[in-house]
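Examining the three-dimensional arrangement
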Amino acid sequence: MPNLSDILVVTIEQAVAAPYCSCRLADAGARVIKVEREGGDFARQYDDVVDGESAYFVCLNRGKESLVLDIKNTEDKALLKNIVAQADVFIQNLAPGAAQRAGFGSTELCAEFPGLICCDISGYGEHGSYQHMKAYDLLVQCESGLASITGTPEAPGRVGVSVCDLSCGLQAYSAILEALIERDQTGEGCVIQVSLFDSIAELMAVPLLHYDYAEKIWGRVGINHATIMPYGAFETADGQSVVIAIQNEREWVRLSEQVFARPDLVTDERYNNNRARVQNRDALNDIIRPIFAAHTHAEMIDKLKAASIAYGNLNDVAGLSAHPQLRRCGVPTPSGVKQSVSPPALRVGREFEAHAVPALGAHTDAIRHEFS
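Summarised in this report is the structure supplied together with it. (Residues numbered from 1 in each chain as written. Predicted model: local features only at pLDDT ≥ 70, side-chain atom pairs only at ≥ 80, totals over all residues. Heavy atoms only, no water.)

**Brief notes about the sheet that holds strand 11 (residues 311-313)**
One open sheet accounts for three strands, arranged 9-10-11; its pairing is antiparallel. With partners counted over all chains shown, the strands left at the sheet margins are strand 9 (231-235) and strand 11, one partner each. Neighbour to neighbour, the strand axes of the sheet diverge by 25° on average, direction disregarded. Bridge count for strand 9 against strand 10 (residues 241-245) is five bridges, and the pairing is antiparallel. Within strand 10, the residue paired with E235 across the bridge is S241. Against the sheet, helix 13 (residues 281-293) contacts strand 9 and strand 10, and its axis sits at roughly 45° relative to strand 9. (Pairing = 2+ DSSP bridges. Helix = DSSP H or I, 4+ residues; strand = E, 2+ residues; numbered from the N terminus. Axes fitted to C-alpha atoms, helices over the stretch in contact; angles between N-to-C directions. Contact = heavy atoms within 4.5 Å.)

Laid out in structure tokens, this is it:
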């Protein structure tokens, strides 16, 4: 029996952050009613690469029921209020103020239904000068400083996936689970507010502390680490790259002596501790690169394995698709079963079964009948 099989979630959602949160709840067994406008969640039209369906939508909307409503329409508004009255969780990520103007503000709903858990997902939060700003993932990556420490020395870069949205969705999911546990103890619901900016600001805590307490701003170092060295990608003789990650001085000794055959690096004051290696990054890279370039990929892997050094391959998405550790699951969609990535948390002894991605309005008639 799934954990949340007795939980009803109502979500007025679009795009990524809120759908990711409610998808996790659906995966855990909750009944999730996704309220869509006429034409549907605009993420349905982001692309059509999955046999005519959007990759984003297929990934983020399995296990939900699609209900098409116009929440400005009196009858539809009354129907939605009937559903929310029986719900355990209400989620929304509409434009700032839109849910409240439509009569579905979280504070008012929780006052009317004291056991309800409401979760508002926004770009910059409910207070402050940015509260009414539109916020998309790229904008928040830039506003938060994330883009400034991502990329190469020549230019900042965007993290290649919607990390602000996804992080925010996970934060909302964990907060809702905590609130459900608390409600079991107290009988009281609550209002949860989660923003993209706050979610990514937390991930930026370490570079922020470096600035606040040492006035140091991390430089952009590409496939390297701003404060650990060596920690990055090096090309081998056959054109493939190996990524190494040295976390402590014991590993540095083994790397220098057993892989590089350079025991002198261990005692050289320019490289004998991590802070010194970071300060002398360019000089050390000039030593390391020719060593990797003198060996094939397979030879370097053998050396790193023998010395018990952490390493990886610099894969592209094709490499991920063929990766031996990638777990997939079949997801039913309106155009057939599609293979997607399995949720990361494994429950031992329980097989994950992905439920269907709904066609737009697929459950409208049934839900109207049930809640009218």
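**Quick word on the side chain of R44**
As for its placement among the helices and strands, R44 is situated in the loop between strand 2 (31-36) and helix 2 (55-60). Separated by 2.8 Å, the side chains of R44 and E36 make a polar contact. Ignoring anything within four residues of it in the chain, the contact list for R44 reads E36, S54, F57, S66, P358, A359 and L360. (Polar contact = N/O pair within 3.5 Å; in protein donor to acceptor, adjacent residues only side chain to side chain.)

**Some details on the pairing of strand 2**
Taking burial as the measure, the six residues of strand 2 include five buried ones, the bulk of the element. Sheet topology note: the strand 1 (residues 8-12)/strand 2 ladder contains five bridges and is parallel. Looking at strand 2, one finds that T11 is bridged to K34. In the classification by handedness, the crossover that spans strand 1, the intervening helix 1 (residues 17-27) and the parallel strand 2 is right-handed. Both strand 2 and strand 3 (residues 64-68) contribute to a ladder of five bridges, which runs parallel. Residue pairing for strand 3: V32 is matched across the bridge by K64. Taken together, strand 2, helix 2 and strand 3 constitute a β-α-β crossover, and its handedness is right-handed. (Buried < 20%, exposed > 50% of the residue type's maximum accessible area, 1.4 Å probe, protein only. Right-handed = clockwise from strand over helix to strand, strands pointing away.)

**A word on the pattern of salt bridges**
Counted by the stated rule, this structure contains 16 salt bridges. D51 is the partner of K338 in a salt bridge, and the nearest nitrogen-oxygen pair spans 2.6 Å. Here D51 lies in the loop between strand 2 and helix 2 and K338 lies in strand 13 (residues 336-341), a separation of 287 residues in the sequence. Three or more residues are tied together by salt bridges with common partners; here these are E13, K34, D41 and K64. (Salt bridge = Lys/Arg side-chain N within 4 Å of Asp/Glu carboxyl O.)

**What about the packing of aromatic side chains?**
Centre-to-centre distance and the angle between the planes together describe a pair of aromatic rings. Under the definition given, this model contains seven aromatic pairs. Between Y46 and Y56 the ring centres are 5.2 Å apart and the planes differ by 75°, which places this aromatic pair in the edge-to-face class. Note that Y46 is positioned in the loop between strand 2 and helix 2 and Y56 in helix 2, a separation of ten residues in sequence. Residue classification places Y46 among the partly exposed residues on the basis of a relative accessible area of 40%. When the centroid spacing of 5.1 Å and the interplanar angle of 25° are considered together, the rings of F234 and F292 count as stacked. Here F234 is found in strand 9, whereas its partner F292 is found in helix 13, with 58 residues between them in sequence. According to the relative accessible area criterion, F234 is buried, its value standing at 3%. Residue F292 is classed as buried on the basis of its relative accessible area of 0%. The aromatic ring of F104 is capped on one face by K81, whose charged end is 5.8 Å from the ring centroid. Directly above the ring of W252 sits R277, whose terminal nitrogen or CZ lies 4.6 Å from the centroid. (Phe/Tyr/Trp six-rings, centres within 6.5 Å; stacked < 30°, edge-to-face > 60°. Lys NZ or Arg CZ within 6 Å of the ring centre and 35° of its normal.)

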